[in-house]
Amino acid sequence: MLASCLMPLIPMLIAASLFKTIAAIIGPDMLGLVNAESDLYVLFSFVGDAGFYFFPIMIGYTASKYFGCNPILGMFLGAIMLHPTFVALAQGEEAFTVYGIPCHVQNYSSSIIPIMLSVFVFSYIERFFNKRIPEALSAVFSPMLAVAVMLPIMLCVLGPIGSIVGEYISIGLIALGNMGGIMTVFAMMLIAALWEYIVMAGMHWLFITTIFMIIADQGMETVVAPSVLLAAFTVGGMCLGATMRLHGKEQKALGISYLIAQMVGGVTEPGLYGIGVRYKRPFIGMMAGGLAAGLFAAIVGLKVYNFLPVASFLALLGFIGPDMMNMVFAIIGAILAFVVSAIVTYLLGVDESLAAEKENQ
């Protein structure tokens, strides 16, 4: 299901990630050819962000094609989740209800799972009304009634599932980390191994918010942030390992572009969906790299002093602090995450025939 819904978006993901990569290279954090206020930098930045911010609308279309409902209505559901009014409600603290049902409001930009679940349920609701409303009236009333029934299901139940589950996962992992000893080691390995899945599910903002709060209070964070920042390099390693096993020149070129997008542009989505979701097996390599990096971070006691929520090499700047060895260990951890992921992915290989078969379906 993920492959069928995400593979059509790969060209857009590549284009968006390259815009972000170019912006990162010419921007003030690298070559400094343009400043942050430059029209070119602003243009490339928001063009790159647009490819990921509007995921719910795009997935609304591809998921509708997969589940056999109206693609335009699927896009409409995604647009509802991203409407500025709803996003503004997520940023405030005002209570909001849908038909009197309390709604756990949140920002669904860049999320995947909420809209996919919603379109899946919507496909049954739409068919229900299409079958029971006379054909002469169906074109007018079926779409409106189907969406009206879907609103509380989507906004009060399916959408918040990821956030609610993520909240408990976040609390649980942080509690494990605070126990010290083997439990902290286990928590950091688990976070690093599963972080990219947390991102794909749209749960990551809960962790990021918690990291900022802890750093603001204590001046550093030693459990979640180190694991999260090192986990990004597992995607690059996975891409390299898979690329070395792919045969076609086009697929190899795509694999290299995914690698550059992560390492320079800080965008992991092309690699996750173009390599991980497409071939599945490389995800094992990615998780192996996360386990190794999390274990290393726990053993050396890595600390993050200034959390930068980016997935490129710039994430390492967050480890700069009073102890220079902390930065050295961070670089070693990033290399370890990258190399282990690449080696395990290469050894496991990729099944290109299975990926092609699933795409044709």
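The numbers attached to residues start from 1 for each chain and follow its sequence in the written order. With pLDDT at 70 or above as the cut-off, local features in this predicted model cover only qualifying residues; side-chain atom pairs require 80 or more to be listed or tallied, and sums for whole chains, interfaces and linings still use all residues. Side-chain metrics in this entry use all non-hydrogen atoms of the structure; hydrogen atoms and water are not considered.

### Details of the overall build of the protein chain
Helices and strands together make up the secondary structure of the protein chain, namely 16 helices and two strands. A radius of gyration in this sense is built from C-alpha atoms; the matching globule rule multiplies 2.2 Å by the number of residues raised to 0.38. Over its C-alpha trace the protein chain gives a radius of gyration of 21 Å, about what one expects of a compact globule, namely 21 Å for 361 residues. Considered along the principal axes of its C-alpha atoms, the protein chain spans approximately 75 × 50 × 45 Å. Going through the 361 residues of the protein chain one by one, you find that 49% of them count as buried. Residue contacts follow a heavy-atom distance rule, with two residues in contact if any of their heavy atoms lie within 4.5 Å. Within the protein chain, counting contacts between residues at least 6 apart in sequence, those at least 24 apart form 74% of the total. Accessible areas in this description were obtained via Shrake-Rupley with a 1.4 Å probe; residue shielding takes into account the shown protein chains only. Only carbon and sulfur atoms are counted for the fraction: they give 70% of the accessible area of the protein chain, which is about 16500 Å². Segments assigned H or I by DSSP are reported as helices when at least four residues long, segments assigned E as strands when at least two residues long, and all are numbered from the N terminus. Burial status follows relative accessibility: with a 1.4 Å probe on protein chains alone, a residue under 20% of its type maximum counts as buried, one over 50% as exposed, and anything between as partly exposed.

### A look at the confidence of the model for the protein chain
What pLDDT conveys is the predictor's confidence in a given residue, as a value from 0 to 100. Looking at the protein chain as a whole, the pLDDT averages 86, with 96% of positions reaching at least 70. Per-element mean pLDDT across the protein chain ranges from 57 in helix α16 (residues 352-360) up to 95 in helix α14 (residues 282-300).

### Points about the pattern of salt bridges
Salt bridge, as used here: a side-chain nitrogen of Lys or Arg that lies within 4 Å of a carboxyl oxygen of Asp or Glu. Here the structure, examined in full by the defined rule, presents one salt bridge. Note that D49 and K20 form a salt bridge whose closest N and O atoms lie 2.6 Å from each other. Of this pair, D49 sits in helix α3 (residues 39-53) while K20 sits in helix α2 (residues 10-26), and the two are 29 residues apart along the sequence. What makes K20 partly exposed here is its relative accessible area of 22%.

### Re the packing of helix α9 (residues 182-200) against α14
To obtain an axis, a line is fitted to C-alpha atoms, over the contacting stretch when the element is a helix, and the angle between two such axes runs from 0 to 180 degrees between their N-to-C directions. Following both chains from N to C, one finds α9 and α14 inclined at 140 degrees, their axes separated by 7 Å at the closest point. Regarding the angle of α9 to α14, the classification is oblique. Where α9 crosses over α14, the handedness of that crossing is right-handed. Note on element contacts: α14 touches α9 through F283, M286, M287, G290, L291, G294, L295, A297 and A298, opposite V185, M188, M189, A192, A193, L194, E196, Y197 and M200. Here the contact of α9 with α14 is built from residues that sort into 15 nonpolar, two polar and one charged. By definition in this entry, angles of less than 35 degrees are roughly parallel, angles greater than 145 are roughly antiparallel, angles of 65 to 115 are roughly perpendicular, and the rest are oblique. By convention, the crossing between two helices is left-handed when the near helix turns anticlockwise from the far helix through less than a right angle, and right-handed when the turn is clockwise. Each residue gets one of three labels, nonpolar for Ala, Val, Leu, Ile, Met, Phe, Trp, Tyr, Cys and Pro, charged for Asp, Glu, Lys and Arg, and polar for the others, Gly among them.

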